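Understanding the architecture of this molecule
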Amino acid sequence: MENNQLYEILTKAIDEKHIYSELTDSYKALGSEYKPEYIVYAQNTEEIAKLVKLANEHEFAIYPIGSGSMFAKGVDRLQKGIILSTKDLNKVMEYRPHNLSIEVEAGMTTKDLQEYLEKDNLFYPMDTDENSTIGGQIASNRYGENRYIYKSARFYVLGLEFVSPEGEIVQVGGRTVKNVTGYDISQLLAGSWGNFGIITKATLKIKPRPEKNLTLTFNSYDLTEIKKIVIALFREKISLATINIYNKEQRYYLTVKLEGFSETIRHQAELLRRKYELYKITGNIIDASSYKGMIALSLENIIEGIEVLENLATKYQKYLSFKGNLTNGIIEFEISKSPERYLQNLATILKSLEGTLIYDDKVLVKPSRGTGYGMLLQRIKDKVDPNSVLIPQSKALRGNLL
Ligand SMILES: Cc1cc2nc3c(=O)[nH]c(=O)nc-3n(C[C@H](O)[C@H](O)[C@H](O)COP(=O)(O)OP(=O)(O)OC[C@H]3O[C@@H](n4cnc5c(N)ncnc54)[C@H](O)[C@@H]3O)c2cc1C
């Protein structure tokens, strides 16, 4: 199809002033690899439904996007087609504080949602990137630093409105915690990376803000000592939110976050000080660096994972820095240049521990689920999106995403 033909088709669903032929400023960071034929900003669900029907009829691809922070992780490369931004869908539809629920449009950012809820001392517990959209977060089933207590985005979905890959507007779930007696279709969308529908609205569970957060720290030159403390902490009767570990100048820093009622947290902090010499943090221990490498392991193997990273760094004389969330089982790391042999060895060891290794956005090792999982997902995709309109070549269908 000629480019101007596609433009004519798009104008049947979207006002010209919301159609762009270049990546807009919000998405410039995606780079030329992800430059679509057009980028459109939908203004409502009906427009999206119309657009998807047109895409089926005229055979062009649609790539939904929120803030775009994870877009390249879910999408291999762009085939001919359009990027559909939800950024203008950013309204609160219905707020029911006494029901602890809120319905928002999919393009609302986490930051705007938190600010909206703050006045009533409520919050949405997904403390991920504040610019991420609710739709993008649900579609990629994100989780925050405190995943140990708050789980991931899918657990906060009470109901969804979405546009199916053939253009029907579908509403699933509801506004109460007990609202689904049949199959919960919203969970097919959560973590689907946009493959099974374009989320347009979400009704979310929200929570009262915890009265107190407190982070305690301990440091040591000895990883074995840290390991003993971590094992013991998992058995303590404490309101544990997160345990993190960092390395800095030969030392290991453990940070332990507690969350709950002030009085309880005060008592627990005192207990941890006496038993493990954990002290309240003053100032920042580590900056928010980004890391190229990431390993994921079961909690029982996570410290062993750190030992492996370190032993290999010594063997190959590499400088290693890492930051691990011991309550999530994820360690991010950075090693000095020429990492090939280091990564090869790491991959072999992680395979035996049934772990995952991602480096530079490439999945080098992942636990084997057999071929059944990918084949079943692909069959569902073929049925619900027979013309392969939504995100053709999605990485998510190959089970490559964390
Ligand atoms: C500083 C920073 C900190 C972060 N911290 C964390 C963290 O602690 N934990 C964590 O898990 N993540 C974290 N992230 C990742 C971030 O949370 C996700 O990138 C984000 O939630 C995805 O939202 P988005 O709007 O950017 O989605 P996008 O990147 O735009 O999209 C993600 C995927 O969902 C699809 N999609 C987007 N919107 C829709 C929709 N409405 N309907 C259907 N499909 C859609 C897209 O096609 C794509 O496949 C962090 C990112 C940054 C930049």
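No experiment lies behind these values; they were computed from the predicted model shown.

In the vicinity of the ligand there are 28 residues, among which P64, S67, S69, M70 and Y143 approach most closely. Take S67: an N or O atom from its side chain is 2.5 Å from an oxygen atom of the ligand. The separation between an oxygen atom of the ligand and a polar side-chain atom of T133 is 2.7 Å. Against a free-state accessible area of 970 Å², the protein chains account for coverage of 81% of the ligand. Going through the elements one at a time, strand 3 (61-65), helix 5 (134-139) and strand 10 (198-205) are the ones with two or more residues in the shell around the ligand. For the shell around the ligand, the element with the highest residue contribution is helix 5, accounting for four residues.

A side chain of one charge can pair with a side chain of the opposite charge if their charged atoms are brought near each other. Per the stated rule, a full pass over the model turns up 13 salt bridges. Measuring nitrogen to oxygen at the nearest pair gives 3.3 Å for the salt bridge that ties K201 to E161. Taken as a pair, K201 in strand 10 and E161 in strand 8 (residues 157-163) lie far apart in primary sequence, 40 residues in all. Two residues, K381 and D385, come together in a salt bridge whose shortest N-O distance is 2.7 Å. As far as the burial class goes, K381 and D385 line up, both buried. One network of salt bridges, with partners in common, ties together E270, R273 and R274.

One open sheet accounts for four strands, arranged 1-2-4-3; its pairing is mixed. Each end of this open sheet is capped by a strand with a single partner; those strands are strand 1 (19-20) and strand 3. Alignment of strand 2 (residues 38-41) against strand 4 (residues 81-85), held across four bridges, turns out to be parallel. Following the sheet pairing, V40 is matched in strand 4 by L84. Running at roughly 10° to strand 2, helix 1 (residues 3-10) makes contact with strand 1, strand 2 and strand 4 of the sheet.

So, about the packing of helix 10 (residues 302-315) against helix 11 (residues 340-352). Relative to each other, helix 10 and helix 11 sit at 150°, their axes nearing to 10 Å. As helix 10 runs across helix 11, the sense of the crossing is right-handed. Between helix 10 and helix 11, the contacting residues are V308, L309, L312, A313 and K315 on the first element and Y342, N345, L346 and I349 on the second. Across the contact of helix 10 with helix 11, the residue classes tally to seven nonpolar, one polar and one charged.

On to the domain arrangement of the protein chain, then. Structurally, the protein chain comprises domain 1 (1-209 + 369-402), domain 2 (210-240 + 255-283) and domain 3 (289-368). Here domain 2 and domain 3 have C-alpha centroids that lie 26 Å from each other. Taken residue by residue, the interface counts five residues in domain 2 and six residues in domain 3. Three residues stand out in domain 2 for area buried against domain 3, namely L223, K227 and F234, and they jointly supply 76% of the buried area on that side. Taken together, the links from domain 2 to domain 3 amount to zero salt bridges. Inspection of the region where domain 2 meets domain 3 yields zero residue pairs in polar contact (both at pLDDT 80 or more). With three residues, helix 8 (residues 223-233) is the single largest residue contributor to the side of domain 2 that touches domain 3. Per-class residue counts for the side of domain 2 that touches domain 3 are four nonpolar, no polar and one charged.

Conventions used here
Residues numbered from 1 in each chain as written. Predicted model: local features only at pLDDT ≥ 70, side-chain atom pairs only at ≥ 80, totals over all residues. Heavy atoms only, no water. Near = heavy atom within 4 Å. Polar contact = N/O pair within 3.5 Å; in protein donor to acceptor, adjacent residues only side chain to side chain. Areas by Shrake-Rupley, 256 points an atom, 1.4 Å probe, with all protein chains shown as cover. Helix = DSSP H or I, 4+ residues; strand = E, 2+ residues; numbered from the N terminus. Salt bridge = Lys/Arg side-chain N within 4 Å of Asp/Glu carboxyl O. Buried < 20%, exposed > 50% of the residue type's maximum accessible area, 1.4 Å probe, protein only. Pairing = 2+ DSSP bridges. Contact = heavy atoms within 4.5 Å. Axes fitted to C-alpha atoms, helices over the stretch in contact; angles between N-to-C directions. Left-handed = near helix turned anticlockwise from the far one by under 90°. Nonpolar A, V, L, I, M, F, W, Y, C, P; charged D, E, K, R; others polar. Domains from an automatic or database assignment. Buried area = accessible area lost by both parts, 1.4 Å probe.

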